[in-house]
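# Descriptive analysis of the structure
Listed below are the residues making up each chain.
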Amino acid sequence: MRYLLILIYGSFLLANNNQILDPSFSFIFETDSIIVGQDSIGSFEGTLYNLSEDEIDLEVARLINFSNTGWSSSICIDAICYNQSIDSISVSIAVGDSTKCGVLAWTDGIGSDYIQLKLIDSHNTNNNMLVNINFLAQYAVSIDNDS
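## Observations concerning the pattern of salt bridges
- Tallied over the full model, the rule gives 1 salt bridge.
- Across the salt bridge formed by R62 and D87, the nearest N and O atoms sit 2.5 Å from each other. In this pair, R62 sits in strand β4 (residues 56–64) while D87 sits in the loop between β6 (80–81) and β7 (88–93), placing the two residues 25 residues apart along the sequence.
- Among the residues examined, R62 registers a relative accessible area of 6% and is labelled buried.

## Side note on the state of the cysteines
- For the structure on display, the rule yields 1 disulfide.
- There is a disulfide in this structure between C76 and C81, and the S-S distance comes to 2.1 Å. Around the S-S axis, the bridge from C76 to C81 shows a dihedral of about 100° and counts as right-handed.
- Look at C81 and you get partly exposed, because its relative accessible area is 38%.
- No disulfide involves C101; its sulfur sits 8.4 Å from that of C76, the nearest cysteine.

## A short note on the environment of S26
- Mapped onto the elements of the fold, S26 is located in strand β1 (residues 25–29).
- Classification of S26 as buried rests on a relative accessible area of 17%.
- Residues S26 and Y49 lie 23 residues apart in sequence; the distance between their C-alpha atoms is 5.2 Å.
- Those residues in contact with S26 that lie beyond four places of it in its chain are T47, L48, Y49 and L51.

## Notes on the pairing of strand β10 (residues 128–138)
- Where strand β2 (residues 33–37) meets β10, 5 bridges bridge the pair, whose relative direction is parallel. If you follow I35 over to β10, its bridge partner there is L136.
- The pairing of strand β9 (residues 111–121) with β10 spans 10 bridges and is antiparallel. Each residue of the ladder has a partner; that of G111, found in β10, is A137.
- Between β9 and β10, which pair antiparallel and follow one another directly, the connecting turn spans 6 residues.

## Details of unusual backbone geometry
- One non-glycine residue with positive phi stands out, namely D39, at about 50°.
- Within the secondary structure layout, D39 lies in the loop between β2 and β3 (41–50).
- A positive phi angle, near 55°, is found at D78, a position not held by glycine.
- Tracing the sequence through the fold places D78 in the loop between β5 (72–77) and β6.

What counts and how
- Residues numbered from 1 in each chain as written.
- Predicted model: local features only at pLDDT ≥ 70, side-chain atom pairs only at ≥ 80, totals over all residues.
- Heavy atoms only, no water.
- Salt bridge = Lys/Arg side-chain N within 4 Å of Asp/Glu carboxyl O.
- Helix = DSSP H or I, 4+ residues; strand = E, 2+ residues; numbered from the N terminus.
- Buried < 20%, exposed > 50% of the residue type's maximum accessible area, 1.4 Å probe, protein only.
- Disulfide = S-S within 2.5 Å.
- Contact = heavy atoms within 4.5 Å.
- Pairing = 2+ DSSP bridges.

Here's what the structure looks like:
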């Protein structure tokens, strides 16, 4: 009887773990390291894909913003970049559909800093993802072929 209870409990844990590991969305992006020129604008972009059998509502939350003075960022969904003071955006994605998600960043001077986004399925908060986006602002280097 004792082993039967252990087997049932273990099956329950595996079933719950499968639900947690069954994501409703994916986020695909090329790189999380963005290099921009001094006093410039940089952008990060990826694509959110609905992997579920229903429409999903995702929250895109900026958990960490730049700490460098004069640097700022904006969350972008499709072609809309929201006010820099907005730290959380909700987006609905239809079954089998996708949408662009990114960050537009303004740098002041040179240096490096990062932003952290959290992507959360509003109906199942266990389905979430953290994305750290590193920005490096450096002096522009040019080559003069006439020399």
